[in-house]
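Here are the chains, one letter per residue:
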Amino acid sequence: MSDNNNNNTFFTLQVYTENVAGMLNQITGVFTRRQINIESLNVSPSSIKGIHKYTITAYSDEETMKKVVKQIERKIDVVKAHYYTDSELFHVEVALFKLSTDKVMENPNITRTIRHSQGRITEVNSTFIIVVCEGTTEDIVSLFHELRKTPDCVLQFTRSGRIAVTRSCQEEVSKFLHERGEEI
């Protein structure tokens, strides 16, 4: 993915930190100081006990991204940070759609569109239908735009930040901790 407005590249950063209060503020502060807009942010426990994983997406140039990673790694509770392009990752987002039951029942094309987009209907009642869809940002936004073509169909919509794993067998943080002799 490339931002045509200023020829920046779309990067995904993965940051591993100790699980301490205030880390989110410290990490986002690095982006704020460099005036880089965060496109998405997901934070969750990692597969390593006591370590949290931040997955952050942003447009930037590679030199700036290298500097951002170095600044983040200087934070005392950061274990490791690394940036990736889309080709170096498996990534996905999840979206929830709340749709008007009446509108869906009136228009059979809506359910075909949902199935075509690999969406799943997970709840149906007389007022609304809940649809879950996972895929790339483009897949989810495309489904959203298709559903919006039917007036008053989409009652609510939300999507997660990106979650991602590297294409390599072992994550950067695992190699780093192994080299330091720490238990994973």
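Relevant structure appears above.
Summary of the structure given here.

## Description of the overall build of the protein
Broken down by element type, the protein carries 6 helices and 10 strands. Relative to its full complement of 184 residues, the protein shows a buried share of 41%. Taking the intrachain contacts of the protein between residues at least 6 apart in sequence as the baseline, contacts between residues at least 24 apart amount to 74%. Surface summary for the protein: the accessible area is close to 10,700 Å², and the carbon and sulfur share equals 47%.

## A short note on the packing of aromatic side chains
The way to describe two aromatic rings as a pair is by their centre distance and the angle between their planes. Taken as a whole and judged by the stated rule, the model has 4 aromatic pairs. On the numbers, 4.9 Å between centres and 40 degrees between planes, the contact of F97 with F157 is tilted. On the criterion of sequence distance, the pair formed by F97 in strand β6 (residues 89–100) and F157 in strand β9 (residues 154–159) is long-range, its members being 60 residues apart. Ring pairs connect the aromatic residues F97, F144 and F157, which therefore count as one cluster. The ring of F128 is capped by K98, whose NZ or CZ atom sits 4.5 Å from the centre of that ring. For the cation-ring pair, R167 lies above F90, with the distance from its terminal atom to the ring centre recorded as 4.0 Å.

## Details of the nonpolar core
Counting 18 residues, the largest nonpolar core has L13, V15, I27, F31, I56, V68 and I72 as its most contacted members. Of all the secondary-structure elements, those providing two or more residues to this core are β2 (8–18), α1 (23–33), β4 (51–60), α2 (62–73) and β5 (78–84). Apart from the residues within four sequence positions on either side, V15 is in contact with I27, H52, K53, Y54, I56, I72, V78, K80 and A81. Counting 15 residues, the second largest nonpolar core, distinct from the first, contains I110, I129, V131 and L147.

Cut-offs applied
- Residues take numbers from 1 onward in each chain, read along the sequence in its written order.
- Restriction of local features to residues with pLDDT of at least 70 applies here, the model being predicted, together with a cutoff of 80 or more for giving and counting side-chain atom pairs; totals for whole chains, interfaces and linings are based on all residues.
- By convention in this description, side-chain values take in all heavy atoms of the structure and omit both hydrogens and water.
- Every helix listed is a DSSP run of H or I at least four residues long, and every strand listed is a run of E at least two residues long, numbered separately from the N terminus.
- Exposure is judged per residue with a 1.4 Å probe applied to protein chains only, and the accessible area is read against the type maximum: over 50% gives exposed, under 20% gives buried, and values in between give partly exposed.
- Any two residues whose heavy atoms approach within 4.5 Å are treated as being in contact.
- Only the protein chains shown count as cover for residues, and the accessible areas themselves come from Shrake-Rupley with a 1.4 Å probe.
- Classification of ring pairs uses Phe, Tyr and Trp, with its six-membered ring standing for Trp, and accepts pairs whose centres are within 6.5 Å; under 30 degrees between planes counts as stacked, over 60 as edge-to-face, and the remaining range as tilted.
- A positively charged side chain is recorded as over a ring if its NZ (Lys) or CZ (Arg) lies within 6 Å of the ring centre. The angle to the ring normal must also be within 35 degrees.
- Buried residues of nine kinds, namely Ala, Val, Leu, Ile, Met, Phe, Trp, Tyr and Cys, make up a nonpolar core once their side-chain atoms join them within 4.5 Å.

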